[in-house]
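Next come the chains, spelled out residue by residue.
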Amino acid sequence: MQPANLFLLTLVLAVLAYGFGYARSRSLAMPLGGIRHLKSLPFYYGARAALWSGIPALIVLGLWAAFQGKVIQLIVIGGLPPELAPQSEGQASLLLSKISNVASGALPAGFVEAPIAEAAERLQALRAQSRMLMSVLVVAVAVLAGFLGWLRIRPRLNARSQVEAILKWLFFACAALAILTTVGIIFSVAFETFRFFGKVPFLEFFFGSQWSPQTALRADQVAAEGAFGMIPLFTGTLLISAIAMVVAVPVGLLSAIYLSEYANRKVRGVVKPLLEMLAGIPTVVYGFFAALTVAPFISDLADSLGIDASSQSALAAGGVMGIMIIPFVSSLSDDVINAVPQSLRDGSLALGATQSETMKKVIFPAALPGIMGGILLAVSRAIGETMIVVMAAGLAANLTANPLETVTTVTVQIVTLLTGDQEFDSAKTLAAFALGAMLFLATLLLNVIALKIVRKYREQYD
């Protein structure tokens, strides 16, 4: 049985355990005069039986599914004759891929050596045995654990406290899983980044002004040496992000001021949802709009004015990206402005200030920390955007500040480096992880600054 089907079966068994536990608690309460003589409600007895049945079975299922592939691979590789035994991890990976292709039928057995064909048959047999053993073990654990949970139900058993304690640990496990996933991502990126700096000098990456990651994959191949200076990529990223923020911040902020302070309820109820609909448009659609409409328009306009402009430009990508970010800025700013206490408005108006003066001298300064935090979060969003830049700004890593020229960004180059068949030991591929690490640090710094600003000043206006 496949793990997904086994997972559903485990849930069904847990539901059955809940039903039996619920019924047993009520049956035990009947001779005593009703459920008021139970230590907990029948729901908790059923939930306890369900948790006893489901949690151990799911743990066994998860561990088995996580390690069965590696164990089977070791057994298959260990069964090969010495002359076919791999000498490195790379050879082992290629050999396992070949065996798996034969086992799946993608590669006919007659096209490979006899030991490989036998290994493929052994792989299929081990997989079938593993699935059968996993199914039997998981079902057995679910049934036995559920039976024990059902058997230990007593009227004086405090099932509620036990269920709440188990759920508390489950919630903690979910939170820990999210944190550990983030830590794992950081360590994996950091590990590959250190490998990259073992191949490319640290100073070349940080201070180099040329980006051309094409390198020779084989010793006998003629190719460029490769240049890994990140300055053109971060310059392009900052240029496009700056253009996007020039568009998004004024429009988004003024929209928020209008909707929160000047628009009546009917207008706000119509305009605000329409404005926020921009956030629901896929970025690829924005990319189409930038590549097919905005970029040609900018190019034609520049030609009519006698200015040289590329058909793909930072201005087109940044402008459309700014439109995409408008609802992000406007929604955050609107929430912050509305969070300013009404007493500040009333006090200003009572002293004779106009609505405009109240906005400029009272509400806006009070909401400024939150607005700045929202803008910094929007900058993080702009830095991480990829699709619009790919379609409207091109792939050329030019070190320029001219918005009418083609540029590229860090995220676009990461996608380019990891697209297609790659050799993960080459400097070209490892460069993607180094760029990712630098981008992660940049966005993390911006988010930390934004959160610090919001948290530091929020309490002053509560």
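Computed from a prediction, not measured in an experiment: that's the story for all the values here.

A.B. asks: Looking at this structure, I do not really get the overall build of the chain. What am I missing?
C.D. replies: Secondary structure summary: the chain contains 15 helices and two strands in total. Whereas a compact globule of 462 residues would reach a radius of gyration of roughly 23 Å, the chain reaches 31 Å, over 25% beyond that. Along the three orthogonal principal directions, the C-alpha set of the chain runs to about 80 × 80 × 40 Å. Burial analysis of the chain (462 residues in total) assigns 38% to the buried set. Put simply, 73% of the contacts in the chain that link residues at least 6 apart link residues at least 24 apart. Of the roughly 25,500 Å² that the chain leaves accessible, carbon and sulfur atoms contribute 68%. Positive and negative side-chain charges in the chain, numbering 31 and 26 respectively, have mean positions lying 21 Å apart.

A.B. asks: Honestly, a nonpolar patch on the surface in this entry has me stumped. Any pointers?
C.D. replies: Taken together, Ile-281, Val-284, Val-285, Phe-288, Leu-292 and Met-387 make up a surface patch of nonpolar side chains, about 490 Å² in accessible area. Broken down by element, the nonpolar patch gets its largest block of residues, four residues, from helix 9 (residues 283-304). Positionally, Phe-288 belongs in helix 9. Relative accessible area serves as the criterion here: at 43%, Phe-288 is assigned to the partly exposed category.

A.B. asks: Whenever I open this one, the nonpolar core confuses me. Can you help?
C.D. replies: In a soluble, globular protein the nonpolar side chains are often hidden away together inside. Ranked by internal contacts, the top residues of the largest apolar core, which has 72 residues, are Met-321, Ile-325 and Leu-435. Among the elements of the structure, helix 6 (202-207), helix 7 (231-262), helix 9, helix 10 (314-339), helix 12 (355-383), helix 13 (387-392), helix 14 (410-417) and helix 15 (427-458) are those that each provide at least two residues to this core. The leading source of residues in this core is helix 7, at 13 residues. Contact partners of Met-321, with chain neighbours within four places excluded, come to Ile-240, Ala-244, Ala-382, Glu-385, Ile-388 and Val-389. By size, the runner-up hydrophobic cluster in this structure holds 16 residues, among which are Leu-80, Ile-99, Ala-103 and Leu-126.

A.B. asks: Looking at this structure, how should I read helix 5 (residues 159-199)?
C.D. replies: In an α-helix, one full turn covers 3.6 residues, which means residues spaced three or four apart are oriented alike. For helix 5, which comprises 41 residues, the first-to-last C-alpha distance of 60 Å matches the rise-based estimate of 60 Å (1.5 Å per residue) to within 8%. Turning to helix 5, its buried residues are Ala-159, Val-163, Glu-192, Thr-193 and Phe-196.

A.B. asks: I'm lost on the environment of Gly-322 in this one. Help?
C.D. replies: Assignment of secondary structure puts Gly-322 in helix 10. Considered as a pair, Gly-322 and Ile-240 are 82 residues apart in the sequence and their alpha carbons are 9.2 Å apart.

A.B. asks: Quick question: what am I supposed to make of helix 2 (residues 42-78) here?
C.D. replies: Over its 37 residues, helix 2 extends 54 Å from the first C-alpha to the last, a length consistent with the 54 Å expected when each residue adds 1.5 Å. Residue Phe-67 marks the point of greatest curvature in helix 2, where the axis turns by about 35°.

A.B. asks: It is not clear to me how the pattern of salt bridges should be interpreted in this structure. Could you clarify?
C.D. replies: Opposite charge on two side chains allows them to pair when their charged atoms are near. Per the counting criterion, the structure on display carries eight salt bridges. Notably, a salt bridge pairs Lys-98 with Glu-113, separated by 3.6 Å at the nearest N-O pair. Highlighted residues: Lys-98 in helix 3 (residues 89-104) and Glu-113 in the loop between helix 3 and helix 4 (114-151), separated in sequence by 15 residues. For Lys-98, a relative accessible area of 29% corresponds to the partly exposed category. Exposure remark for Glu-113: the relative accessible area of 37% places this residue in the partly exposed category. For Asp-334, the salt bridge goes to Arg-268, with nearest N and O atoms at 2.8 Å. On the criterion of sequence distance, the pair formed by Asp-334 in helix 10 and Arg-268 in helix 8 (residues 265-276) is long-range, its members being 66 residues apart. With relative accessibility at 1%, the residue Asp-334 sits in the buried group. One connected set of salt bridges, linked through shared partners, spans Arg-268, Lys-272, Glu-276 and Asp-334.

A.B. asks: Teacher, can you tell me more about the packing of aromatic side chains here?
C.D. replies: Aromatic ring pairs are reported here in terms of the distance separating the ring centres and the angle at which the planes meet. Taken as a whole and assessed by the stated rule, the structure comprises 14 aromatic pairs. Members of the aromatic cluster, connected to one another through ring pairs, are Phe-196, Phe-197, Phe-202, Phe-205, Phe-206, Trp-211 and Phe-228. Lying across the ring of Trp-150, Arg-24 places its NZ or CZ 4.5 Å from the centre.

A.B. asks: What am I meant to see in the environment of Val-12 here?
C.D. replies: Counting through the fold element by element, Val-12 comes out in helix 1 (residues 3-29). With 38 residues separating them in the primary sequence, Val-12 and Ala-50 have C-alpha atoms 9.7 Å apart.

Each value, and the rule that gives it
- Residues numbered from 1 in each chain as written.
- Predicted model: local features only at pLDDT ≥ 70, side-chain atom pairs only at ≥ 80, totals over all residues.
- Heavy atoms only, no water.
- Helix = DSSP H or I, 4+ residues; strand = E, 2+ residues; numbered from the N terminus.
- Rg over C-alpha atoms; globule rule 2.2 N^0.38 Å.
- Buried < 20%, exposed > 50% of the residue type's maximum accessible area, 1.4 Å probe, protein only.
- Contact = heavy atoms within 4.5 Å.
- Areas by Shrake-Rupley, 256 points an atom, 1.4 Å probe, with all protein chains shown as cover.
- Lys, Arg positive; Asp, Glu negative; His and termini not counted.
- Charge placed at Lys NZ, Arg CZ, Asp CG, Glu CD.
- Patch = residues over 30% accessible without salt bridge, like charges linked within 9 Å, V, L, I, M, F, W, Y side chains within 5 Å.
- Salt bridge = Lys/Arg side-chain N within 4 Å of Asp/Glu carboxyl O.
- Core = buried A, V, L, I, M, F, W, Y, C linked by side-chain atoms within 4.5 Å.
- Expected span 1.5 Å × (residues − 1).
- Bend = angle between axes of the 7 residues up to and from the residue.
- Phe/Tyr/Trp six-rings, centres within 6.5 Å; stacked < 30°, edge-to-face > 60°.
- Lys NZ or Arg CZ within 6 Å of the ring centre and 35° of its normal.

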